[in-house]
Amino acid sequence: MSVEIDWKNLGFSYIKTPFRYISYWKDGQWDNGQLTEDNKVYISEGSTALHYGQTAFEGLKAYRCKDGSINLFRPDENAKRLMQSCQRLLMPEVPIDKFVDAVKQAVKANEEYIPPYGTGGSLYIRPYIIGVGDNIGVAPAPEYIFSVFVVPVGAYFKGGLTPTRFIVTEYDRAAPRGTGSVKVGGNYASGYKAGKEAKQAGYSDAVYLDPQTHTKIEEIGAANFFGITKDGKKFVTPKSPSILPSITKYSLLYLAKERLGLDVEEGDIYIDALDQFSEAGACGTAAVISPIGGIQNGDNLHVFYSETEVGPVTQRLYDELVGIQYGDVPAPDNWIVKVD
Ligand code: PLP
Ligand code: COI
């Protein structure tokens, strides 16, 4: 079967693919899970996911390599992060093996939907877990569903590797000791308004500041932030208990140091100290590396390297990361898992 898709012009939109994996947790254990063609989920009206936001998700990608094989990028890290999310919301953990097996099954079953090598697209994988079953009290659900579906995608931010502008929002996405460091549904619904207002004003997304002092950069929409210092020698990224520990960010910290020979630092990045950086970017599974042309903060627009061209260090990081993901550049040990 061949699929009719304009691979080169994919954005980040839902496309129904034929199969998804679904597994049920009841009476204290997970069932074996299976693939299904039905993209609807039937749940009790009392499900905690519907009322109290007892839901967590992950995002990772499958890549078609030049030799036709299929790469997953660090899926065990997503499995571990889902475990953290489950612990925070009192949901049963999905074991790493079950998670990776479910991801492989969903990718394999929808293999035709993996964008061909060289088109720039990839297969976005969305694992999620929801509290379900009859319930009304504010308490963890009696039953859970863990499911994985996949969608072919292209660029998340319209510019791709062309820099775009972002704007500082007055809203917080997470509380200082809330759920910012886990990938739970509530963090995202609470960001809709900031994202919408940023886009309506012509920016790619909102820049969140730290919820405690509103002086330091936290995140860029659904991505982490990094900056390259003016001497081109240091990769800096925020450290905060209320940001998502981005797998892309930790991969870049490693690659910047080990492959590009840069100094690396996780620390405070004050919004009024952006002058120290020549380049800046948003990084994440969906965002990949999206260069930041400028950040609007109130009346002040801070412009980085260029508003039209990606900076040289960002480009090198991109080539290294994306090269590894598509199998063109040797990967550090255990970063790539094949689907066969
Ligand atoms: N920050 C937020 C809020 C996110 O939703 C994501 C996406 O997963 C990221 C950062 C980037 O994380 P990762 O690189 O693991 O995809
Ligand atoms: C991801 O990068 O995987 C994300 O979760 C971003 C998003 C679309 C919420």
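Residues numbered from 1 in each chain as written. Chains lettered and ligands numbered in written order. Predicted model: local features only at pLDDT ≥ 70, side-chain atom pairs only at ≥ 80, totals over all residues. Heavy atoms only, no water.

Draft legend 1. The pattern of salt bridges, seen in detail. Overall, the coordinates contain 12 salt bridges when judged by the stated rule. Two residues, R64 and E111, come together in a salt bridge whose shortest N-O distance is 3.4 Å. Taken together, the positions of R64 in strand β5 (residues 60–64) and E111 in the loop between α3 (96–109) and β7 (122–132) put the pair 47 residues apart, joining distant regions of the chain. Here R64 falls in the buried class, since its relative accessible area comes to 15%. Look at E111 and you get partly exposed, because its relative accessible area is 24%. Between E320 and R259 there is a salt bridge, with the nearest N and O atoms lying 2.7 Å from each other. Of this pair, E320 sits in helix α7 (residues 312–325) while R259 sits in the loop between α6 (247–258) and β14 (263–267), and the two are 61 residues apart along the sequence. Overall, the relative accessible area of 33% leaves R259 in the partly exposed class. Each of the salt bridges in this network shares a partner with another, and the network as a whole consists of R64, K108 and E111. (Salt bridge = Lys/Arg side-chain N within 4 Å of Asp/Glu carboxyl O. Helix = DSSP H or I, 4+ residues; strand = E, 2+ residues; numbered from the N terminus. Buried < 20%, exposed > 50% of the residue type's maximum accessible area, 1.4 Å probe, protein only.)

Draft legend 2. Focus on the site of ligand 1. Not every one of the 16 residues close to ligand 1 is listed here, only the nearest: Y188, E219, S246, T248 and T285. Between ligand 1 and R81 there is a distance of 2.7 Å, counted from an oxygen atom to a side-chain nitrogen or oxygen. The side chain of Y188 places a nitrogen or oxygen atom 2.5 Å from an oxygen atom of ligand 1. Secondary-structure elements contributing two or more residues to the shell around ligand 1 are β12 (223–229), α6 and β15 (277–284). Here the residues of the shell around ligand 1 sort into 6 nonpolar, 6 polar and 4 charged. (Near = heavy atom within 4 Å. Polar contact = N/O pair within 3.5 Å; in protein donor to acceptor, adjacent residues only side chain to side chain. Nonpolar A, V, L, I, M, F, W, Y, C, P; charged D, E, K, R; others polar.)

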